[in-house]
Amino acid sequence: MELRQLEYFVAVAEERNFTRAAERVHISQSGVSAQIRQLERELGAELFDRSARSATLTVAGKAALEHARAALAAAGALGQAVGEVTDLIRGRLTVGMVIGCTITPLFDALAAFHRAHPGVEISLLEDNSDRLVEGVRAGTVDLALIGTATATPEGLGALMIISERLVAVVQAGHPLTSLPRVTLRDLVDLPIICMPPGTGLRTVFDQACAARNLRPLIALQASAADAIADLAGRGLGVAVLCDSMVGGHRDLTALPIDDVETPALLALVWKDTHGPAARELLVHAHRAFGTGRGRAPGREPGGAG
């Protein structure tokens, strides 16, 4: 008894026709008939009543059908299990990371995965968040750490890492520090230093301004939070960042932007159909970030780019 015989038997049973079954399994009708006859000889019973126009199961055929389906399913599961192990021995994994991000738990997850599966080749790709999301959707990127304005980009799974409101970052003594509260309208006539379009933080800022019909002056752009903070520290403008991005700059003051309620988010995203290597890396990511699936961990330095 061979698996292909069981496959042909199930095809004829479901199609109730030898010709359609032959088309389905891509061999000739005579080939299907010969294999079914061989199977019947091995089992010692006819599986189909061939006297009618359609191929109907005999009592023996009905008894055999579910067992044949189970055997084919078990063979498929066996192949999948071996394939997944093979992928984890000699696979490839492309991980995306938003430019300027220094979230060290991601690196911890990559290191732990590499120790467990040294045969998997890991590629790390830096890009802006929009392009990384496109890569994940297209399948060219397996997982990506992105900045985003929405908790879960459409069609993707997500592990939330950081959720923070925007702040205006200025030198000590800047006129903004004397205001009881800072709003977007207070910033609109000042030179702004911000991340480029396509990053999650910039998307939150642009959407908030557009909702109030404000057109801020974007004087300088940089992908790295430290560079943006350094430029603000030199008096070149007001930096728009997240609070955790300013932690290492004690000479700067971070002022919450009162009317921007939407937070900038940092998330690890993947497709629902991610492969075994990506699934395994995701397990290590949950451990590294200290979170269960779907729960947001505490802050990490680096910010939501």
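Reference entry: report on the structure contained in this document. Computed from a prediction, not measured in an experiment: that's the story for all the values here.

Rules of the game
Residues numbered from 1 in each chain as written. Predicted model: local features only at pLDDT ≥ 70, side-chain atom pairs only at ≥ 80, totals over all residues. Heavy atoms only, no water. Helix = DSSP H or I, 4+ residues; strand = E, 2+ residues; numbered from the N terminus. Buried < 20%, exposed > 50% of the residue type's maximum accessible area, 1.4 Å probe, protein only. Contact = heavy atoms within 4.5 Å. Areas by Shrake-Rupley, 256 points an atom, 1.4 Å probe, with all protein chains shown as cover. Pairing = 2+ DSSP bridges. Axes fitted to C-alpha atoms, helices over the stretch in contact; angles between N-to-C directions. Core = buried A, V, L, I, M, F, W, Y, C linked by side-chain atoms within 4.5 Å.

1. So, the overall build of the chain
Across its full length, the chain holds 10 helices and 12 strands. In the chain, which comprises 305 residues, the share counted as buried stands at 45%. Restricting to contacts in the chain with at least 6 residues of sequence separation, those with at least 24 account for 75%. Surface accessibility of the chain: about 15300 Å² in total, with carbon and sulfur atoms responsible for 51%.

2. What about the sheet that holds strand S6 (residues 156–164)?
Spatially, the 5 strands line up as an open sheet ordered S4-S3-S5-S12-S6, and their pairing is mixed. The strands lining the two open edges of the sheet, one partner per strand, are strand S4 (121–127) and S6. Taken over all neighbouring pairs, the strand axes of this sheet differ in orientation by 20 degrees on average, direction set aside. Bridging between strand S3 (residues 92–98) and strand S5 (residues 143–148) involves 3 bridges; their strand directions are parallel. Along S5, the bridge assignment pairs Met97 with Leu145. Its contacts with the sheet put helix H6 (residues 129–138) on S3, S4, S5, S6 and strand S12 (264–271), and the angle it makes with S5 is roughly 145 degrees. Packing against the sheet, helix H10 (residues 276–289) makes contact with S3, S5, S6 and S12, and its axis sits at approximately 45 degrees to S3.

3. Overview of the nonpolar core
In terms of nonpolar packing, the biggest core is built from 38 residues, with Leu166, Leu184, Leu187 and Leu241 touching the most fellow members. Broken down by secondary-structure element, the contributors of at least two residues to this core are strand S7 (166–171), helix H7 (184–187), strand S8 (191–194), helix H8 (200–211), helix H9 (225–233), strand S10 (238–242) and strand S11 (252–256). Ignoring anything within four residues of it in the chain, the contact list for Leu166 reads Leu201, Val204, Phe205, Val240, Leu241, Cys242, Pro256, Ile257, Val260 and Ala264. Counting residues in each nonpolar core, the second largest holds 25 residues, with Cys101, Ala109, Leu145 and Ala278 among its members.

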